[in-house]
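Okay, here's what each chain looks like letter by letter:
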Amino acid sequence: MQDVLTLILGGGRGTRLYPLTQQRSEPAVPLAGKYRLIDVPISNSLNSGLNRIYVLTQFLSVSLHQHIAQAYKGGPFSSGFVEVLAAQQTNENADWYKGTADALRQNIRYVREESCTDILVLSGDQLYRMDFADLIHRHRDTNADVTVAVLPVDQDHARQLGVVLLDENDRVQRFQEKPQSDPDLHLLQTPHDTMERRGFACPGKPYLANMGIYLFTRKAFFDLLNGTQSAMDLVHEILVPAVATHRFQGYLFTGYWEDLGSIKSYHEANLALAGDSPPFDFHNSKGVIYTRMRNLPASRLNGADMVHCLISDGCHVDPGTRLERCVIGLRSQIGPNVTMRDTILLGGDRYETAAEKAANRKRGDPDVGVGEGAFIQNAIIDKQCRIGRNVRIVNERGLRNFDGENYFIRDGIVVVPKGTLVKDGTVI
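Since we're looking at a predicted model, the values are computed, not measured.

Chemist: Would you mind showing me how to read the nonpolar core here?
Modeler: Note that soluble globular proteins tend to have their nonpolar side chains buried in a common cluster. The biggest cluster of nonpolar side chains holds 61 residues, and the ones touching the most others in it are Leu-20, Leu-31, Ile-42, Met-130, Phe-132, Ile-213 and Phe-282. Ranked by residues supplied to this core, first place goes to strand 11 (residues 207-217) with five residues. The residues touching Leu-20, leaving out its near neighbours within four places in the chain, are Val-29, Ile-263, Tyr-266, Leu-346, Ile-380, Asp-382 and Val-415. One finds Leu-56, Tyr-97, Cys-202 and Ala-220 within the second-largest nonpolar core, a separate group that totals 45 residues.

This is the structure we're talking about:
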């Protein structure tokens, strides 16, 4: 395992998660109240015995850098590291990353300096738990140049992801990004009896989707990136054509996996974690998901009524409040007689002081948090927002997608950006 170097792609703009990515990079978006998206690939790597990790960043990466520095400090006798590689001007290249392949290529000198035999490339916007040791053993046993992790999905998901077709020995025969036509989908369908012979009975899921997890041999990594200098996208421009020239193997995975790269999937996955039988456990004997340690007090819940909720550290919920299927982030302050349903409240970066609250009163502004009598449904409220008294955030006009003055609607979900002030009595 010490011969494997991990590279996590975290530099994209995260346009599908906007406006949560308005002031932060995609991997820095909060998850399940107290984590961040980047914690998942880093924790999976560490739990698999992979402790040499580079995170490639570019856009709005300050908070991501701070989180990684504070959460993953190696001891003085540790042989591993978790380090950020930010986009930078060099003698060879003075441009921003133009895509996933370009991001890897611009940092290829760091890979060259490491004594690794294999390179694991991961995405920073997914929720799953995987022991990469199994993938690595399979990769080496089959003498693969590239191993792609795949999982069974239905037709709707197949249209949104890359789909591969494997032969009887799990070698990749076809690889197509986001197939849309019925003839293409038919050619990529894996017969049910073939799935059963592999020990994966997944009725209604005849397609094997690319999970965005790739393991390269050192030689294949350098050959593919250096051989196509004009290619900017790793999957479409490099991996798909390389199936014909290199040995690609598939690694089948049937555990929980969710792409959190859109507002809808992010909202649904977070709320599912608050249910009776959450699909993912952050503290598991198979591997804990790590995050930054914080010195916060226990949450105070004063006579509130809560059903299917996650409540993070340092929160204060006043009497008469009703929370249904909500994820409440760190330092959240919720006033009396508030109703929130199907809502993610990301909380705050810090507590307001008494002087700051007095200044708020003088200006007529609400404090950070949710004010008395507010009603919020099917929404995401970002950090440090000030939601006034008797505010209603319900998507009153039933819009599917809309950009408002101080809010956005994506797939019918109202998103209030970080630091937004919503005055008393406002209706959205």
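After that view of the structure, there is still more to cover.
Chemist: Help me understand the environment of Gly-314, please; the structure alone is not making it clear to me.
Modeler: Along the polypeptide, Gly-314 turns up in the loop between strand 15 (305-311) and strand 16 (316-317). Placed 17 residues apart in sequence, Gly-314 and Arg-331 show a C-alpha to C-alpha distance of 4.5 Å. The residues touching Gly-314, leaving out its near neighbours within four places in the chain, are Leu-296, Pro-297, Ala-298, Ser-299, Arg-331, Ser-332, Gln-333 and Tyr-351.

Chemist: Got a minute to help me understand the side chain of Ser-265 in this structure?
Modeler: Along the chain, Ser-265 turns up in helix 11 (residues 263-272). In terms of polar contacts, Ser-265 uses its side chain to reach the side chain of Ser-262, at 2.9 Å. Once residues lying within four places of it in the same chain are set aside, the contact partners of Ser-265 are Glu-258, Asp-259 and Leu-260.

Chemist: Please clarify how the pairing of strand 1 (residues 4-10) should be interpreted in this entry.
Modeler: The two faces of the sheet receive side chains in turn, since in a regular strand these alternate between them. The buried count for strand 1 comes to seven of seven residues, which makes it a mostly enclosed element. Neither face of strand 1 is exposed, since Val-4, Thr-6, Ile-8 and Gly-10 on one face and Leu-5, Leu-7 and Leu-9 on the opposite face are all buried. Pairing between strand 1 and strand 6 (residues 118-123): six bridges, direction parallel. Across the sheet, residue Thr-6 finds its bridge partner in strand 6, namely Leu-120. Where strand 1 lies against strand 4 (residues 52-57), five bridges are found, and the strand directions are parallel. When the sheet's bridge partners are listed, Leu-9 is paired in strand 4 with Leu-56.

Chemist: Where do I start with the packing of aromatic side chains in this structure?
Modeler: Considering all chains together, one arrives at 10 aromatic pairs under this definition. With a centroid separation of 4.9 Å and an interplanar angle of 45°, the aromatic rings of Tyr-54 and Phe-81 are classed as tilted. In this pair, Tyr-54 is assigned in strand 4 and Phe-81 in strand 5 (residues 81-86), connecting sequence segments 27 residues apart. Owing to a relative accessible area of 6%, Tyr-54 belongs among the buried residues under this scheme. Judged by centre distance (5.6 Å) and plane angle (80°), the rings of Phe-216 and Phe-221 are edge-to-face. The class of Phe-216 is buried, set by a relative accessible area of 2%. Take Phe-221: its relative accessible area is 1%, and that puts it in the buried class. Counting every residue linked through ring pairs, the aromatic cluster contains Tyr-35, Tyr-256, Phe-280 and Phe-282. The ring of Phe-375 carries Arg-392 above its face, with NZ or CZ at 5.1 Å from the centroid. The residue whose ring lies beneath Arg-397 is Phe-402, and the NZ or CZ to ring-centre distance is 4.9 Å.

Chemist: When you look at the pattern of salt bridges in this model, what are you seeing that I'm missing?
Modeler: Oppositely charged side chains can form a pair if their charged atoms are brought close together. What the rule picks out here adds up to 23 salt bridges. For the salt bridge of Asp-349 with Lys-418, the shortest nitrogen-to-oxygen distance reads 3.1 Å. Pair noted here: Asp-349 is in the loop between strand 19 (339-345) and helix 12 (354-363) and Lys-418 is in the loop between strand 26 (413-416) and strand 27 (421-422), with a separation of 69 residues, a long-range link. The exposure class of Asp-349 is partly exposed, given its relative accessible area of 33%.

The rules we used
- Residues numbered from 1 in each chain as written.
- Predicted model: local features only at pLDDT ≥ 70, side-chain atom pairs only at ≥ 80, totals over all residues.
- Heavy atoms only, no water.
- Core = buried A, V, L, I, M, F, W, Y, C linked by side-chain atoms within 4.5 Å.
- Buried < 20%, exposed > 50% of the residue type's maximum accessible area, 1.4 Å probe, protein only.
- Helix = DSSP H or I, 4+ residues; strand = E, 2+ residues; numbered from the N terminus.
- Contact = heavy atoms within 4.5 Å.
- Polar contact = N/O pair within 3.5 Å; in protein donor to acceptor, adjacent residues only side chain to side chain.
- Pairing = 2+ DSSP bridges.
- Phe/Tyr/Trp six-rings, centres within 6.5 Å; stacked < 30°, edge-to-face > 60°.
- Lys NZ or Arg CZ within 6 Å of the ring centre and 35° of its normal.
- Salt bridge = Lys/Arg side-chain N within 4 Å of Asp/Glu carboxyl O.

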